[in-house]
Amino acid sequence: MESQHGTWSNRLAFIFAATGSAVGLGNIWKFPYMTGENGGGAFVIIYLLCIACIGIPIMIAEVMLGRMGRQSPINTMLSLSKTYGRSSAWSSIGWMGVAAGFIILSYYAVIAGWILHYMFLIAQGHFTGADGEFVSNTFSDFTADVSLMMFWFTLFMIITVTIISRGVKRGLELFVKWAMPLLFLLMFVLLGYSMVSGDFARGVTFLFSFNIADLSSEAVLSAMGHAFFTLSIGMGAIMAYGSYLPRKVSIVSTVGVIAVLDTLVALIAGLAIFPIVFTNGLQPDAGPGLLFQAIPLAFGNLPAGSLFGALFFLLVSFAALTSAISLVEPALAFFVEKYKMKRLYAAIIIGFTCWVLGIGTVFSFNIWSDFHIVQSMTIFDFVDSVSQKILLPFGGFLIALYVAYKMPVQAVIENLDLAKKHTHVWKALIGVIAPLSIVIIFLHSLGVFKLIF
Ligand code: PHE
């Protein structure tokens, strides 16, 4: 069966699209600040373990489901369940994913708006010769300015809606082909700067030294949630992209490539940012503002920094855009299938809903910064935590169970082209290791083990 929304022209096109989805603010903005907040090395190791043992198997499962169902995640889960005589309640994987996509995009677009604003600031030479105090002040002045933040947030949302209304394939392939390699290149420039003028050794130690005492149960849950977030899994984005995948492509090796690229970008971002943070007296646990302090400092002190800095933020905004597109694809494809809606109208409805939701995030950095939903969580903290720490891992958990226990083993093995000797490894990963680890990490973070032992 072919997807009604089209198919990727080849394997490379899928790699580009899926990497475009995976590589985004999660790698460049979120990974460094979460590492900083969670004490460094221990968080990084757990994150890498989660990518390998939970993320990759679930990503493989998700792409496979998409390719077998060839529809939006909701309808894919419905039709596969019908074929295999399973309850239609499994389509809740798709529904939960749609909800997660809305919630994530609502704040993702706010942060992407910050990126756009910083692109202009840097281009104007605002940070030339800046020091740590100056970049910190610039950031707090900006986040205090509601109308400025609303402006950039709205602009990013409009760009996203415009692009998604034109279909996933058109433009995206071309875009990722150029933007991705360039982004890599500029990240290496940053890394070079960091090695020469930052406290590189301290940065490396911070990122890679494992100190078990630093690791709270909350940090383990964050690391797992981030593994889901950064690979774009657990909510159907990768399933939707998998539904446009030609039959012959090998899913396992393709997912391997994507996961490696994604992890590399995050590690390079971390290696570039922390040395700058340490030499300039910034706080590693500065939170969501970390990138917006460290990067302007670097470019502000580099020759032709305004130019390269603006280019860097431009490329990061591309990376954010290619991720944002995939966040709405599950909902969009569903609207088109179910209501025969034009992509443009579906895109506008989704974009507008996310925009309204996103206003809460904008306000949580200024006029509502004292408004706490639970404990000390602002609206932003709350939507971020719920989506990343609960919705995505739970979605991934259900996907693992479905593929491991609700589908005929033979169908899965054939679809993945698994060699006989690998089937045991696969079954162990998807049926036991991945779902069990998720459960253990959930319980651990709830403090259940402390209660028992
Ligand atoms: N993976 C993207 C990033 O790292 C975010 C994302 C999450 C995209 C979930 C789609 C689905 O920025």
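I will try to describe carefully the structure that is included in this document.

## Comments concerning the overall build of the protein chain
Then, number 1: Along the backbone of the protein chain there are 19 helices and zero strands.
Then, number 2: Residues counted as buried form 60% of the 453 residues belonging to the protein chain.
Then, number 3: A sequence separation of at least 24 residues applies to 83% of the contacts in the protein chain between residues at least 6 apart.
Then, number 4: For the protein chain, the exposed surface amounts to about 17500 Å²; the carbon and sulfur share of it is 68%.
Then, number 5: Where the 23 positive side-chain charges of the protein chain centre and where its 20 negative ones centre are 20 Å apart.

## Quick notes on the nonpolar core
Then, number 1: Within the largest apolar cluster, 169 residues are counted, with the highest numbers of intra-cluster contacts made by I58, F292 and F312.
Then, number 2: Top contributing element to this core by residue count: helix α5 (residues 92-123), with 20 residues.

## Quick notes on the site of the ligand
Then, number 1: Lining the immediate environment of the ligand, one finds 15 residues, of which A22, G26, Y108, F229 and S232 sit closest.
Then, number 2: In this structure, S21 approaches the ligand through a main-chain N or O atom, which is 3.2 Å from a nitrogen atom.
Then, number 3: Here a nitrogen atom of the ligand sits 2.7 Å away from a polar atom, N or O, in the main chain of F229.
Then, number 4: When isolated, the ligand has an accessible area of 320 Å², and the protein chains bury 100% of it.
Then, number 5: Elements with a contribution of two residues or more to the shell around the ligand: α1 (11-22), α2 (25-37), α10 (217-231) and α14 (305-339).
Then, number 6: The class makeup of the residues in the shell around the ligand is seven nonpolar, eight polar and no charged.

## Some thoughts on a nonpolar patch on the surface
Then, number 1: A cluster of nonpolar side chains, I367, W368, F371, I373 and V374, forms an exposed patch at the surface whose accessible area comes to about 470 Å².
Then, number 2: Relative to the helices and strands, V374 is located in the loop between α15 (343-364) and α16 (379-406).

## A look at α10
Then, number 1: Over its 15 residues, α10 runs 22 Å from end to end, which matches the ideal 21 Å to within 8%, given 1.5 Å per residue.
Then, number 2: Across the 15 residues of α10, 14 count as buried, placing the element largely inside the fold.
Then, number 3: Positive phi appears at S232, one or two residues downstream of α10, with a value of about 60°.

What counts, and where the lines are drawn
Residues numbered from 1 in each chain as written. Predicted model: local features only at pLDDT ≥ 70, side-chain atom pairs only at ≥ 80, totals over all residues. Heavy atoms only, no water. Helix = DSSP H or I, 4+ residues; strand = E, 2+ residues; numbered from the N terminus. Buried < 20%, exposed > 50% of the residue type's maximum accessible area, 1.4 Å probe, protein only. Contact = heavy atoms within 4.5 Å. Areas by Shrake-Rupley, 256 points an atom, 1.4 Å probe, with all protein chains shown as cover. Lys, Arg positive; Asp, Glu negative; His and termini not counted. Charge placed at Lys NZ, Arg CZ, Asp CG, Glu CD. Core = buried A, V, L, I, M, F, W, Y, C linked by side-chain atoms within 4.5 Å. Near = heavy atom within 4 Å. Polar contact = N/O pair within 3.5 Å; in protein donor to acceptor, adjacent residues only side chain to side chain. Nonpolar A, V, L, I, M, F, W, Y, C, P; charged D, E, K, R; others polar. Patch = residues over 30% accessible without salt bridge, like charges linked within 9 Å, V, L, I, M, F, W, Y side chains within 5 Å. Salt bridge = Lys/Arg side-chain N within 4 Å of Asp/Glu carboxyl O. Expected span 1.5 Å × (residues − 1).

So far we have only geometry, and geometry alone does not tell us how the molecule works.
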